[in-house]
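Take a look at the letters that make up each chain.
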Amino acid sequence: MAIRIPWDKYETALLIEAYQKYEAGEMTKKDAISCLSYALRERAVKNGLEIDPIFRNENGIIMQWSIISDLINKNKCRLHGGSKIFKDMVELYQSNKNEFQKILMEAKKMDECDSTIEERYLAWLSTQVSPAQMSELYLTYSEIEAFCLYIKILSKPLFETTNLHRLTKVKQTIDSNRIFRFKHKKQLKKMAAAIKYYYLWVSENQEVYSNEDYVDFKVTSVTPVQEFHQDTVVNDTESSFNNNDEISFVDFRNANSYSFTHIEYLDYFGKHTSLIKNWTQLYLLVLKHLNNDYPEIILSLCGKSIGNRGRVDISNMEGSKAMVSPKEFGNNMYIETNLSVTNIIEKIRLLLDMCKVEYENIVIAYSNKKSQVISSAELNYAVQNSNTLIGTTFYDTKKEKQENDPVINRNYVSEMNRGESFTNTYDNGIRQYDGLFDSRMDEHSNDAVFHTQGYPVDQYLQQRHFRVAANNYGNCAKDKSYITISRNEKIIDLAPYKKLLIEEYQKGFRVQSALEMKRFRNFWKKKYGSELAEDDASIRNAITQLTIQYKDHAYLPEEMLDTRIKDSLLEYISRCFSKGKKAIYYDALYKEFENDFRGQRINNHDMLKTYLAYINEGNYFINRCYLASDQNVEVDPTDEVRDYLISYGAPIPMDALYDVLSHIPMDKINWAVYGSNSDEFIRNQKGEYFHADIIDFTPSELDSFTDLIQQAINEKCFMGGNELVRLIEVKYPSIKERYPFLTPLGMRDAIGYKLREVFSFKGKIISALGQDISMTDVFADFAKSHEHFTLEQLNTLKNELETPIYFSAVYANSLRISRDTFVSKNQANFDINETDEAIDRFCTGDYITISEIRHYGSFPYAGFPWNSYLLEHYVSDFSKKYKLVHSGFNAKSAVGAIVKRTSKIEVFGELITTALADSTINLNKDDALQYLCENGFLARRSYGDIDKILDRASMLRRQRG
């Protein structure tokens, strides 16, 4: 903890100057205090002082400001009389202005010594703009610097650059660099103002940097701050990129179309990669990076679909045989790449979420492809030299169904191959047609092909031929009983697979289990009377197409949840969103339907999330921990709890809060209300809370509270919270009328929250800010400050603070000489050697209880008559041969044992274990507690760990035989 440092004359001079500027109307009070706080904290750091967040912070300066104001205006000080340095400096300011100015100038020179360019510039900037504006401008410099270093406009940090020619180039970059302007389009006005301020300051101080080249820079009549206050929204039409070759960046938070685009580069945690051929290569590159950094997460996805829906995305070499276009990205790890660009981006987004990688750490830059029209001859060449085998499945299916003349079917195949070659060449975001016997090849997809820039539209008939062929292909694909496993494999009928799964695998199919596969083949043979001819990979892929995958199990969607519960679940989600809720947490949703899910196939909230992702038809958005009503929703449970309590406007029991916010998990609500940063949530009584903002004390009331607390602190260094509440209830009965629900506890803690930056509130004790005082401190200070006091006085303090007596603190700072009397510790007058010898006469073993010593004739005179309380305190704090082992000091009796320091007995549990084992009583709870009380080990027939003690005592007896 940083030490408290008194104000010196230089700091005081700066404080008086700030007050003077405020009085003259040069600055607002808020700005003057903020600037002074910043300057004093910077000054302390430069002087090598260790400071904490409280040192010369704005709240502390507000208090000092009041004192200085009172001293200057010769008013009665509201807080305290002010330190001597304050009084001396105010007197100097009023009586000897010249001498005061010398100290003030010296203070400013001290701040300028050894300061960096950045520090000097920021000190100047603080005089030009408000603290809020300064904060916003300062945050832009790091972005400007990073970009200009990257493109080599700057060769060193911005605040080490004083060459005006170089700074002119930085300004030109902000004004005209299209990549920079696109990336920072929302901050351009601030950035432009920020660099103009820096340029202006450098130019005004050019003589300091005479070794730098000077270049004229025309400063317009509009000052940076005026420009900064103008409309800061950049016109979208100005900042967007209309030319096809301009660079854009992937936005993972918002859906976008990436058709007809070309990869420019990838930045992954600052690692730059360019010359990326296509989106597939980018996908592989991202997978390799993630696999290197998060191997356990990526490995856990093997055999699964990214996003838990549809076909398997990641697999080993065996599983890759079922993929359409597998690519290896790691050791025996393959990824399905038969995806559109939009799907690739979505898969990358899901992977980043799973690996908990912030989107800002991966930058994907792309540009629009230039429009290019190719001739029919060029397209024919591409068709003739392509390796597409789309005709195999399409042609065989048409032939099997005996549709059309074979020549016509071959022409259809030719047109479809032509379209596929075109899409492969131009990467227009449409999936390859082969393998699309899943009804996804619709009219919209057909239109997208021949409306693509570059498609040979010079021949009307060619469009028409493609449309007819595509429609025939689409009709073939609409038979949902067929899928294509890969280009060279035959079509598999899924219907028998589904029947078998319904009959035999209601509890799920273990996808990667060899034993499960063997059982599946046996069930197949038993049901259908023949061996299943497909290999294992093909069977798994077929089952995957029909099911939802969760961990290593696959479930039929219709078997996971019956229709009634599914409808009820979706209705509940819809109702929550219609009431304005932005998000529903999966674990809260699972708890809401936990009874309904019994007997179903959803056993935890992770399974529920997987199921909801599969059945989603665009009604909600799947996030890592919750469903959202909108893709841009960012949820903080604390915000929701806060908003509700403020709108509720009264204390609410926690059980009622759980019910109202049932879409939020109970542990997240508890963390918001009870957590480490939960001061704003006020406990009114056990299990009942409200938000501090619903209590509105007037400024005069808060000033009065401050005066009451400060007066008590001046008198005794602290104030009890309940003492404050009693005074307020007498002085301000209207508060209770305004807020009749407030308990003393609620009022105390609400005041504590309102004045948290003025005083320290620790439990029931209020003290000076930064000087936390605990109950232990209060009782210790009480004992130290009294030469003589009684148990009755301790009870009075106890009742005032509504707390137990902290006897350990009292004993450590006083001497108990009888049941009711304590004196200062310096009155102790023990002959330690003789007193220990007197105890030796009684203690013949390892220990003896205090109550066993009843006669003190052999004890030497100690200044006070001997009794059990004086003996207890002597053994506790003074004896060299003995130590006190007990359960604690108490008001009405001295209990425990005097134990030899040579004994192995260290703690009270060991003591009573040994005592019970040594006794002859039956080792049961009632007899043991009775024995311990009667023999002076305990004051009451109660001990929390008595059962454990009895077990150990029994074991010790058995060991002794």
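Cut-off values and rules
Residues numbered from 1 in each chain as written. Predicted model: local features only at pLDDT ≥ 70, side-chain atom pairs only at ≥ 80, totals over all residues. Heavy atoms only, no water. Helix = DSSP H or I, 4+ residues; strand = E, 2+ residues; numbered from the N terminus. Buried < 20%, exposed > 50% of the residue type's maximum accessible area, 1.4 Å probe, protein only. Contact = heavy atoms within 4.5 Å. Areas by Shrake-Rupley, 256 points an atom, 1.4 Å probe, with all protein chains shown as cover. Core = buried A, V, L, I, M, F, W, Y, C linked by side-chain atoms within 4.5 Å. Pairing = 2+ DSSP bridges. Salt bridge = Lys/Arg side-chain N within 4 Å of Asp/Glu carboxyl O. Phe/Tyr/Trp six-rings, centres within 6.5 Å; stacked < 30°, edge-to-face > 60°. Axes fitted to C-alpha atoms, helices over the stretch in contact; angles between N-to-C directions. Left-handed = near helix turned anticlockwise from the far one by under 90°.

Thoughts on the overall build of the chain
Here's step 1: Scanning the chain from N- to C-terminus turns up 44 helices and 27 strands.
Here's step 2: For the chain, the residues scored as buried account for 47% of the 961 residues in total.
Here's step 3: Excluding contacts between residues fewer than 6 apart, the proportion of contacts in the chain whose partners are at least 24 apart in sequence is 62%.
Here's step 4: For the chain, the exposed surface amounts to about 49000 Å²; the carbon and sulfur share of it is 48%.

Concerning the nonpolar core
Here's step 1: Core analysis: the biggest nonpolar cluster contains 45 residues, and Leu 794, Ile 839, Trp 866, Leu 871 and Ile 898 have the highest contact counts within it.
Here's step 2: For this core, the secondary structure elements donating two or more residues are α37 (775-784), α38 (791-801), α39 (807-812), β24 (821-823), α40 (832-840), α41 (868-877) and β26 (882-885).
Here's step 3: Looking at this core, the element that brings in the most residues is α37, giving six residues.
Here's step 4: Those residues within four positions of Ile 839 in sequence are excluded, and the remaining contacts are Phe 859, Leu 871, Tyr 874, Val 875, Tyr 882 and Ile 898.
Here's step 5: Grouped together as the second largest cluster of nonpolar side chains are 35 residues, Leu 282, Ile 298, Leu 339 and Cys 355 included.

A word on the pairing of strand β21 (residues 765-768)
Here's step 1: Where strand β19 (residues 719-720) meets β21, two bridges bridge the pair, whose relative direction is antiparallel. Each residue of the ladder has a partner; that of Met 719, found in β21, is Ile 766.
Here's step 2: Bridge count for strand β20 (residues 759-762) against β21 is four bridges, and the pairing is antiparallel. What sits directly across from Phe 761, in β21, is Ile 766.
Here's step 3: Taken together, β20 and the strand that follows it, β21, pair antiparallel across an intervening segment of two residues, in which Gly 763 is found at a positive phi of about 65°.

Looking at the pattern of salt bridges
Here's step 1: For the structure shown, the criterion picks out 26 salt bridges.
Here's step 2: Between Arg 519 and Glu 516 there is a salt bridge whose closest N-O contact spans 2.5 Å. Here the residue Arg 519 and the residue Glu 516 both occupy positions in helix α23 (residues 514-528), the gap between them amounting to three residues, near one helical turn.
Here's step 3: Residue Arg 519 is classed as partly exposed on the basis of its relative accessible area of 32%.
Here's step 4: A salt bridge links Arg 521 to Asp 536, with the nearest nitrogen and oxygen atoms 2.8 Å apart. Taken together, the residues span a long stretch of sequence, with Arg 521 in helix α23 and Asp 536 in helix α24 (residues 536-546) at a distance of 15 residues.
Here's step 5: For Arg 521, a relative accessible area of 21% gives the class partly exposed.
Here's step 6: Connected via shared salt-bridge partners are Glu 346, Arg 349 and Asp 353.

What to know about unusual backbone geometry
Here's step 1: Phi is positive for Lys 356, close to 60°, though the residue is something other than glycine.
Here's step 2: Inspection of the secondary structure assignment puts Lys 356 in the loop between α16 (341-354) and β7 (362-368).
Here's step 3: Residue Cys 717 is not a glycine yet carries a positive backbone phi of 75°.
Here's step 4: For Cys 717, the position within the fold is in the loop between α33 (699-716) and β19.

Topic: the packing of aromatic side chains
Here's step 1: Counted by the stated rule, this structure contains 52 aromatic pairs.
Here's step 2: Judged by centre distance (5.8 Å) and plane angle (25°), the rings of Tyr 644 and Tyr 648 are stacked. Of this pair, Tyr 644 and Tyr 648 both sit in helix α30 (residues 637-648), four residues apart, which is roughly one turn of that helix.
Here's step 3: Here Tyr 847 and Phe 937 contribute two aromatic rings whose centre-to-centre distance is 6.3 Å and whose plane-to-plane angle is 65°, an arrangement assigned as edge-to-face. Here Phe 937 lies in the loop between α43 (925-934) and α44 (946-960) and Tyr 847 lies in strand β25 (residues 847-849), a separation of 90 residues in the sequence.

Focus: the environment of Asp 31
Here's step 1: Along the chain, Asp 31 turns up in helix α2 (residues 29-46).
Here's step 2: Residue Asp 31 is classed as partly exposed on the basis of its relative accessible area, which comes to 21%.
Here's step 3: Along the sequence, Asp 31 and Ser 126 sit 95 residues apart, while their C-alpha atoms lie 9.5 Å from each other.
Here's step 4: Those residues in contact with Asp 31, other than ones at most four positions away along the chain, are Ser 130 and Pro 131.

Some words on the sheet that holds strand β13 (residues 583-585)
Here's step 1: Reading across from one edge, β13-β15-β14 is the order of the three strands in this open sheet, with antiparallel pairing throughout. In this open sheet, the two strands that pair with only one neighbour each are β13 and β14 (621-622).
Here's step 2: Relative to strand β15 (residues 626-628), β14 runs antiparallel, the two sharing two bridges. Looking at the pairing, Phe 621 lines up with Ala 628 of β15.
Here's step 3: Here helix α26 (residues 563-578) sits on the sheet and contacts β13 and β15; the angle it forms with β13, its principal contact strand, is near 135°.

Overview of the sheet that holds strand β10 (residues 509-510)
To summarise the sheet geometry, strands pair through backbone hydrogen bonds and adopt either a parallel or an antiparallel arrangement.
Here's step 1: Spatially, three strands are ordered β10-β12-β11 in an open sheet, and the strand pairing comes out antiparallel. Of all the strands in the sheet, just β10 and β11 (548-550) have a single pairing partner and so form its edges.
Here's step 2: Of the strand pairs in this sheet, β10 and strand β12 (residues 553-555) are connected by two bridges, and their pairing is antiparallel. When the bridges of β12 are listed, Phe 509 appears paired with Ala 554.

Re helix α34 (residues 721-731)
Here's step 1: Residues of α34 that are buried include every one of Gly 721, Asn 722, Glu 723, Leu 724, Val 725 and Ile 728, and no others.
Here's step 2: Buried-residue contacts for α34 involve α33, β19, α35 (733-738), α36 (744-754), β21 and α38.

Remarks on the packing of α2 against helix α3 (residues 58-72)
Here's step 1: The N-to-C vectors of α2 and α3 enclose an angle of 115°; their axes lie 9 Å apart at closest approach. Here α2 runs over α3; the crossing is right-handed. Contacts between α2 and α3 involve Lys 29, Ala 32, Ile 33, Ser 34, Leu 36, Ser 37 and Leu 40 from the first element and Glu 58, Ile 61, Ile 62 and Trp 65 from the second.

By themselves, these are just geometric observations and shouldn't be taken as functional.
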